[in-house]
Amino acid sequence: MLGLIVLGFFWVPYDTEAMQGSVKLNAPSLAHIFGTDQFGRDVFSRVLSGAGSTLAIAGGTILIGGGIGILIGAVTGYFGGWLDEGLMRINDVLAAFPSVLLALVIISIWGSGKYKVMLALGIAFIPSFARIVRGEFMRCREEDYVTSARLIGVSTPRILFVHILPNILPALLSSLTIGFNNAVIQEAGMSYLGIGVQPPDASLGRMLSESQTYLASGPWCAVFPGLFLVLLILGVGMLGEGILDRFGGGR
């Protein structure tokens, strides 16, 4: 799946926006292995391009939400006190809203588009990552290796990110995998509603929305984008489980 998506960044068989009325809603064939849509556009090319957009948005979401969430969780979990109370109350306010609803509010203010969706989902995902990392840092800060590091004068940033962070990787990898899949689903859902990725950029969610009118005459227009979306989520989930079993001792 990742190989196909990376391929789509550099090469697709046809122009994703090229319309050909003579081949509209053609069934899968050697010329168009996923068939063509209602405008005669190659579905395989659009699936590759749309999956690339989905992957980029989900990856950016994890970088923004995970990066900021890990930093907040590490600081609050290690230091505690008033800093923990203040930041966690703000975190609770954000977490009170479903992430997709919070993202919709942000998009309604800033407008739609690939990068705005990425930023909105990233902000919406910060509370969940911060809470998970905070709990793990609170658990680890009293461990013997952390106490020993303090006694020998190791700096706080080094304790946080060199001593503690590697020891919470199993839980962190699991949450990052789940977060990635949630970002894929939510991006597809917002694009399906028309408030996510906008034309001319292709999107799996938008392809599903546009093809629902043609389920009887061209079911391949919905089947292949939907199947690609399901396999991407399944593949990332299985990859996360494999990494967790390999490095987390099956935790």
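What this report covers is the structure whose coordinates are included nearby. (Residues numbered from 1 in each chain as written. Predicted model: local features only at pLDDT ≥ 70, side-chain atom pairs only at ≥ 80, totals over all residues. Heavy atoms only, no water.)

Regarding unusual backbone geometry
Now for step 1: For L25, which is not a glycine, the phi torsion comes out positive at approximately 55°.
Now for step 2: Relative to the helices and strands, L25 is located in the loop between α1 (2-10) and α2 (43-79).
Now for step 3: The exposure class assigned to L25 is partly exposed, which follows from its relative accessible area of 22%. (Helix = DSSP H or I, 4+ residues; strand = E, 2+ residues; numbered from the N terminus. Buried < 20%, exposed > 50% of the residue type's maximum accessible area, 1.4 Å probe, protein only.)

Observations regarding the packing of aromatic side chains
Now for step 1: Taken as a whole, this structure holds three aromatic pairs when the rule is applied.
Now for step 2: With a centroid separation of 5.0 Å and 90° between ring planes, the pair formed by F34 and F44 is classed as edge-to-face. Here F34 is found in the loop between α1 and α2, whereas its partner F44 is found in helix α2, with ten residues between them in sequence. The pair F34 / F44 is uniform in exposure class, with both members buried.
Now for step 3: Aromatic pair F34 and F224: ring centres 4.1 Å apart, planes at 5°, arrangement stacked. Pair noted here: F34 is in the loop between α1 and α2 and F224 is in helix α10 (residues 220-247), with a separation of 190 residues, a long-range link. Each member of the pair, F34 together with F224, is buried.
Now for step 4: The structure contains a cluster of three or more aromatic residues connected by ring pairs, namely F34, F44 and F224. (Phe/Tyr/Trp six-rings, centres within 6.5 Å; stacked < 30°, edge-to-face > 60°.)

Let's talk about the environment of G60
Now for step 1: With respect to the helices and strands, G60 occurs in helix α2.
Now for step 2: When the C-alpha atoms of G60 and M138 are compared, they prove to be 27 Å apart, with 78 residues separating the residues in sequence.

Observations regarding the pattern of salt bridges
Now for step 1: Scanning the entire structure with this criterion turns up eleven salt bridges.
Now for step 2: Residue D37 pairs with R46 through a salt bridge whose shortest N-O separation is 4.0 Å. Each member of the pair, D37 together with R46, is buried.
Now for step 3: Salt bridges sharing common partners tie together E17, D37, R41, R46 and E210. (Salt bridge = Lys/Arg side-chain N within 4 Å of Asp/Glu carboxyl O.)

A short note on helix α8 (residues 169-192)
Now for step 1: Here α8 spans 34 Å end to end across 24 residues, near enough to the 34 Å set by a 1.5 Å rise per residue.
Now for step 2: After α8 finishes, the residue G194 shows a positive phi value of roughly 90°. (Expected span 1.5 Å × (residues − 1).)

Let's talk about the side chain of Q38
Now for step 1: The topology assignment puts Q38 in the loop between α1 and α2.
Now for step 2: Residue class for Q38 comes out buried when judged on its relative accessible area of 12%.
Now for step 3: Setting aside anything within four residues of it in sequence, one finds Q38 in contact with K24, L25, E210 and Y214. (Contact = heavy atoms within 4.5 Å.)

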